[in-house]
Amino acid sequence: MAELSVLLVDDEPLARRGLRQALDRHTDMVVCGECRDGREAVEAIASLKPKLVLLDVQMPELDGFGVIREVGVARMPAVIFITAYDAFAVRAFDAHAVDYLVKPFADERFDEALSRARSRLRQEEAAELGRKLAALLSDASARPVSAPVQDAVKTPVEPGLGRLLVKVGTRSVLVPVTDIDWIAADDYCVTLHVGDKEYVLRESLAALESQLEAERFVRIHRSAIVNVERIRELHHDSPTETVVVLSTGQRLRVSRGRKDVLERRLGRAR
């Protein structure tokens, strides 16, 4: 992997200096900028386009989670949160952070977080390559045999997710998106559930969600997306507990914060 540009975001100058010194031991990491608060970070991410952001959680005006909201999950680089409190850990992973570090952290813990970031970025590069190949194959299969080559150059095909290219052993399989029943987050990958088959894709759930057709797929939990056309019924096991039952019989829990979104998508029962 080529050099990775890193943006440091922390309102404390000493903390930023410590991060820079810690990064000096990693020759493949290059600091492209430093920010003192969340507002500066939003502007720097847009202009510098870093591959990785070391992001402090607690900052004046706009905190680390606010930075992600402003930039948008789909456009946000890989993030390692820096925090003084363990309580932020769950929210950090809800925000799809690569890792989080609790101050003060040991060199070994910092190196582990960077290793995870490298792995995530390699997976995203592989996923992007797969999407481009899938788009190319889709374009080639749709083009008439007699069509001249220059027509394809004049009329580029917009990349989309009509199909997903998934590696299975020594071969690659094209999975039509419409065949997917539901998608589960699985560490730094996702598992596509297609009938009685499962396919593992090297992609984060957030990145995949941003490219799926919004009218067809809905997120029901921080670790699950369902195809609304596969939903058979909803079970309200309690005033706070809702379960989706798919046409396959699969039962999936709906988080409280996403229940209203799901019901609006399906049309509330009268």
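Basis of the calculations
Residues numbered from 1 in each chain as written. Predicted model: local features only at pLDDT ≥ 70, side-chain atom pairs only at ≥ 80, totals over all residues. Heavy atoms only, no water. Core = buried A, V, L, I, M, F, W, Y, C linked by side-chain atoms within 4.5 Å. Buried < 20%, exposed > 50% of the residue type's maximum accessible area, 1.4 Å probe, protein only. Helix = DSSP H or I, 4+ residues; strand = E, 2+ residues; numbered from the N terminus. Contact = heavy atoms within 4.5 Å. Pairing = 2+ DSSP bridges. Axes fitted to C-alpha atoms, helices over the stretch in contact; angles between N-to-C directions. Salt bridge = Lys/Arg side-chain N within 4 Å of Asp/Glu carboxyl O. Left-handed = near helix turned anticlockwise from the far one by under 90°. Nonpolar A, V, L, I, M, F, W, Y, C, P; charged D, E, K, R; others polar. pLDDT = per-residue confidence, 0-100.

Visitor: Would you take a moment to explain the nonpolar core for this structure?
Guide: As a rule of thumb, soluble globular proteins bury nonpolar side chains together. Core analysis: the biggest nonpolar cluster contains 21 residues, and Val9, Leu55, Val67, Met76 and Phe81 have the highest contact counts within it. Sorting the residues of this core by element identifies strand S1 (4–9), helix H2 (38–48), strand S3 (52–56), helix H3 (64–71) and strand S4 (78–83) as the ones contributing at least two each. Of all hydrophobic cores here, the second largest spans 19 residues; its members include Leu101, Phe110, Leu114 and Ala117.

Visitor: Explain the environment of Val67 here, please?
Guide: Within the secondary structure, Val67 sits in helix H3. The sequence separation of Val67 and Gly38 amounts to 29 residues, and the corresponding C-alpha distance is 5.7 Å. Those residues in contact with Val67 that sit more than four places away from it in its chain are Gly38, Ala41, Val42, Ile45, Leu55, Met59, Leu62 and Met76.

Visitor: What should I look at first to understand the sheet that holds strand S15 (residues 251–254) in this one?
Guide: Within a beta sheet, neighbouring strands are joined by backbone hydrogen bonds and run either parallel or antiparallel to one another. Here 3 strands make up an open sheet; going across it, the order is S13-S14-S15 and the pairing antiparallel. Each edge of the open sheet carries a strand with a single partner, namely strand S13 (231–238) and S15. For this sheet, the mean inter-axis angle between neighbouring strands, taken without regard to orientation, is 30°. As judged from the 4 bridges shared by strand S14 (residues 241–246) and S15, these two strands associate in the antiparallel manner.

Visitor: Sorry if this is basic, but what is going on with the sheet that holds strand S9 (residues 189–194) here?
Guide: Strand order in the open sheet made by the 5 strands is S10-S9-S8-S12-S11, with antiparallel pairing throughout. With partners counted over all chains shown, the strands left at the sheet margins are strand S10 (197–201) and strand S11 (217–221), one partner each. Neighbour to neighbour, the strand axes of the sheet diverge by 25° on average, direction disregarded. Here strand S8 (residues 182–186) runs beside strand S12 (residues 224–227); their pairing, made up of 3 bridges, is antiparallel. From the neighbouring strand, Trp182 faces S12, where its bridge partner is Val226.

Visitor: Would you take a moment to explain the pattern of salt bridges for this structure?
Guide: Once the charged atoms of two side chains with opposite charge are near each other, the side chains can pair. Applying the stated criterion to the full structure yields 18 salt bridges. Among the salt bridges present, the one from Lys103 reaches Asp10, with a minimum N-O distance of 3.1 Å. One end of the pair, Lys103, is in the loop between strand S5 (99–102) and helix H5 (107–142); the other, Asp10, is in the loop between S1 and helix H1 (13–23), and 93 residues separate them in sequence. According to the relative accessible area criterion, Lys103 is partly exposed, its value standing at 27%. Judged by its relative accessible area of 0%, Asp10 falls in the buried class. Because the salt bridges share partners, they merge into one network encompassing Asp99, Arg109, Glu112 and Arg116.

Visitor: Hey, could you run me through the packing of H2 against H3 in this one?
Guide: Packed helices, taken two at a time, are described by the angle their axes make and the gap between the axes. One can describe the packing of H2 onto H3 by two numbers: an axis separation of 9 Å at closest approach and a directional angle of 35°. In the packing of H2 onto H3, the handedness of the crossing is right-handed. Between H2, through Gly38, Arg39, Ala41, Val42 and Ile45, and H3, the contact on the second element is made entirely by Val67, Glu70 and Val71. Within the contact of H2 with H3, the residues separate by chemical class into 5 nonpolar, 1 polar and 2 charged.

Visitor: What exactly am I supposed to notice about unusual backbone geometry here?
Guide: It is generally the case that most residues other than glycine have a negative phi and that most peptide bonds are trans. Residue Lys103 is joined to Pro104 through a cis peptide bond whose omega torsion reads -10°. Assignment of secondary structure puts Pro104 in the loop between S5 and H5. A positive phi angle is found at Lys49, which is not glycine, with a value near 50°. Tracing the backbone shows Lys49 in the loop between H2 and S3. According to the relative accessible area criterion, Lys49 is exposed, its value standing at 62%. Even without glycine at this site, Glu61 takes up a positive phi of about 70°. Along the chain, Glu61 turns up in the loop between S3 and H3.

Visitor: It is not clear to me how the pairing of strand S7 (residues 171–176) should be interpreted in this structure. Could you clarify?
Guide: Along a regular strand, successive side chains alternate from one face of the sheet to the other. Sheet topology note: the strand S6 (residues 163–168)/S7 ladder contains 6 bridges and is antiparallel. Across the sheet, the residue bridging to Lys167 is Ser172, located in S7. What sits between the antiparallel neighbours S6 and S7 is a turn of 2 residues, in which Gly169 has the positive phi angle 65°.

Visitor: Could you clarify how one ought to interpret the confidence of the model for the protein in this entry?
Guide: Of the residues in the protein, 79% reach a pLDDT of 70 or more, and the chain-wide mean stands at 80. In this model residues 140–160 is a low-confidence stretch, pLDDT under 50, and it forms 4 contacts with partners more than four residues away in sequence or in other chains.

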